[in-house]
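# Commentary on secondary and tertiary structure
If you want the building blocks of each chain, they are given just below.
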Amino acid sequence: MQSFDGQPTSAGSVSESASRRHERVVERLLRLQRITAALAGARTLTEIASTIIDQGMPALDAEVGVVAILSADGASLRNLGFKGVPVDTEEAWAEYPVDSPVPVAEAARTGAPIIVPTREERNARYPVLARVHGVEHGGAVAAFPLVLESRTVGSLGFCFPAARAFDDDDYAFVLSIAQQCALAVERVRWHEVAEQEIAHRRASEEALRARERELTALVAELRQTQEALREADRRKDDFLAMLAHELRNPLAPLLNAVELIKAAGPPTPIVERARTIMDRQIGHMSRLVDDLLDISRISRGKITLSIERVDLVELARATALDYRSLLDARGVRFELALPPAPVWLQADPTRLAQAIGNLLQNANKFTDDGGSVRLSIAPSHPARGVVSVEVADTGIGMEPAVLERIFEPFAQADQSLARSRGGLGLGLALVKGVVELHGGSVRAASAGLGRGAAITITLPLGAAAARAADARRAADAQRAAASASARRILIIEDNVDAADSLRMLLERRGHAVSVAHSGDDGVAAARMAPPDVILCDIGLPGAMNGYGVARLLRAESAMRRTLLVALTGYGQDDDRKLARAAGFDAHLTKPVAQAMLERLLAELAPLPESA
């Protein structure tokens, strides 16, 4: 028998060769089983590489083994395992470009197996390997790509100590472990991605839970803050109410005293000047107190408008009449430009007059002596359904920064250290609040410092039906006739000055007046001689306050026709409701102008039987 090279051979040598091949095939099948079992439990890429190298090198009689994986962008290879070389070589070739002149890189780059059977051919094709420590003295090399569904994910390679030719068994074995390696690499990569996603989700969930805890704590903190703000607001309102009460109590007798001086007869020039000063300053103080409370009520939405049909022209004319004397006294020229025909609105006349009055007061405050103020009503615009009221002055003017915040509470146009213009900065804030309650708007304009200012309020027009002027005159005449009748009046007031000054004023008007300084004394006086009118303070000393007086007297039949008027320094909406619930017919806030009190008596108080 002859061999393939023509040399004679024996049947025994052929049998021996077949036996060795059979043993090698069985060994490699066992190693493939070990590789399959090991890769099934591998959790990292390093474990995969170690399994391939540890089982592949002895099966192929290789002296160097390497497994490399492509980067995400395919630009480089990273060695997962490199066995059979010195540590220095392993570190130097830990990562390298995919276009490096080595078999493992070429297999990954081309996606095709690389087999070089001799060292001479290897060094000629890959001269760099002749200089790689641990590889330079070897022989054949083989590198196979790690391919998964036509996609290369890396490569593996083996270096052999001498020249050798790869037979079909060698090729099939390396191809098999390369395929298993590629599958394992992909599985681990997906597992890592899944673990990263799970970790990311857990981190996100924990971040969400932490955020929820933060939000829960923030909500609790906000609720505490809101509760604290509500409590602070309540305390502020209580303080303002008490402050107003304490300020109004001394104002009431002062105003009464001024009225008494006025009614006493022709005064000397000095007395008249003193009375004028007192009258003006009492009015100023009263406005400050009212403004403090009104701005608080507007901000809390506790002002209720008493809407009725109002002639804006007549209301502006009457308001201007009230303020003309202030302007004339300082030599400020006052111009009134009103349309000849009525302009009808649905509005609260008291609040609207307050808004226009505040604009005139503001113009008076910031216009120097000798300047001018103009109150005008622009022609109504039926198509737009609005009408504009403007108060313009030649005063100190405003900078743009002041214009932006002039309607905020406590905003000041006069920023000088002297603050010679005075005021709390509430007047225009009240104007804005009142106008917006009517569905209107307000704006301010100024050409700059020293060039005056103009403030315009715009209001929606109401029904055009006019009230009959003769009906108003008849009603006024009826009230005037009624006010001429004297009434029996009981004053229940613990402030002696306030009670005595009010008594003297009413007596000068022809009324019969008696005074009590406590709730108990007032009830006793009313029972002894039921009056037509009771003017009762709320904050009375002792066990019975003004509410108690009203409730007690309202339960008695003899007092059913008696007009009960709360005369107090407490002037908030809640105070009015309490007064109404206790049985009072009306609520007046101190200090009360004599004209207002007489108007109330004329409108509400029953006429004595003798009248």
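Look above for the structure.
I will try to describe carefully the structure that is included in this document. (Residues numbered from 1 in each chain as written. Predicted model: local features only at pLDDT ≥ 70, side-chain atom pairs only at ≥ 80, totals over all residues. Heavy atoms only, no water.)

## As for the overall build of the protein chain
Each helix and strand counted, the protein chain has 17 helices and 18 strands in total. The contacts in the protein chain between residues at least 6 apart in sequence include a share of 66% that link residues at least 24 apart. Total accessible area on the protein chain stands at roughly 31800 Å², and carbon and sulfur atoms take up 55% of it. (Helix = DSSP H or I, 4+ residues; strand = E, 2+ residues; numbered from the N terminus. Contact = heavy atoms within 4.5 Å. Areas by Shrake-Rupley, 256 points an atom, 1.4 Å probe, with all protein chains shown as cover.)

## A look at unusual backbone geometry
The phi torsion at Asp 61 lies on the positive side, around 60°, for a residue other than glycine. Looking at the secondary structure, you find Asp 61 in the loop between α2 (45–60) and β1 (64–70). A positive phi angle, near 55°, is found at Glu 149, a position not held by glycine. As for its position among the elements, Glu 149 is in the loop between β5 (141–148) and β6 (151–159). Using a relative accessible area of 76% as the deciding quantity, one classes Glu 149 as exposed. (Buried < 20%, exposed > 50% of the residue type's maximum accessible area, 1.4 Å probe, protein only.)

## Details of the packing of aromatic side chains
Scanning all chains against the criterion turns up three aromatic pairs. On the basis of an interplanar angle of 65° and a centroid distance of 5.2 Å, the ring pair of Phe 144 and Tyr 171 is categorised as edge-to-face. Remark: Tyr 171 occurs in helix α6 (residues 168–263) and Phe 144 occurs in strand β5; sequence separation between them is 27 residues. Here Tyr 171 falls in the partly exposed class, since its relative accessible area comes to 35%. The ring of Phe 173 carries the charged tip of Arg 28 above its face, separated from the ring centre by 5.3 Å. One residue, Arg 164, lies across the ring of Phe 160, its end atom 4.7 Å from the ring centre. (Phe/Tyr/Trp six-rings, centres within 6.5 Å; stacked < 30°, edge-to-face > 60°. Lys NZ or Arg CZ within 6 Å of the ring centre and 35° of its normal.)

## Side note on empty space enclosed by the protein
This structure, assessed with the given rule, holds five cavities of 30 Å³ or more. If you add up the space inside the second largest cavity, you get close to 220 Å³. Along the wall of the second largest cavity there are 18 residues; nearest its centre are Val 66, Phe 82, Val 102, Val 104 and Leu 129. Taken together, the elements giving at least two residues each to the lining of the second largest cavity come down to β1, β2 (76–83), α4 (103–110), β5 and β6. For the lining of the second largest cavity, a count of residues per class yields 16 nonpolar, two polar and no charged. (1 Å grid on protein atoms, 1.4 Å probe; cavity = no way out; pocket = protein on both sides within 12 Å on 5 of 7 lines; lining within 4 Å. Points joined across faces, edges and corners; volume = space filled by probe spheres on them. Nonpolar A, V, L, I, M, F, W, Y, C, P; charged D, E, K, R; others polar.)

As far as function goes, none of this settles anything; it's purely spatial.
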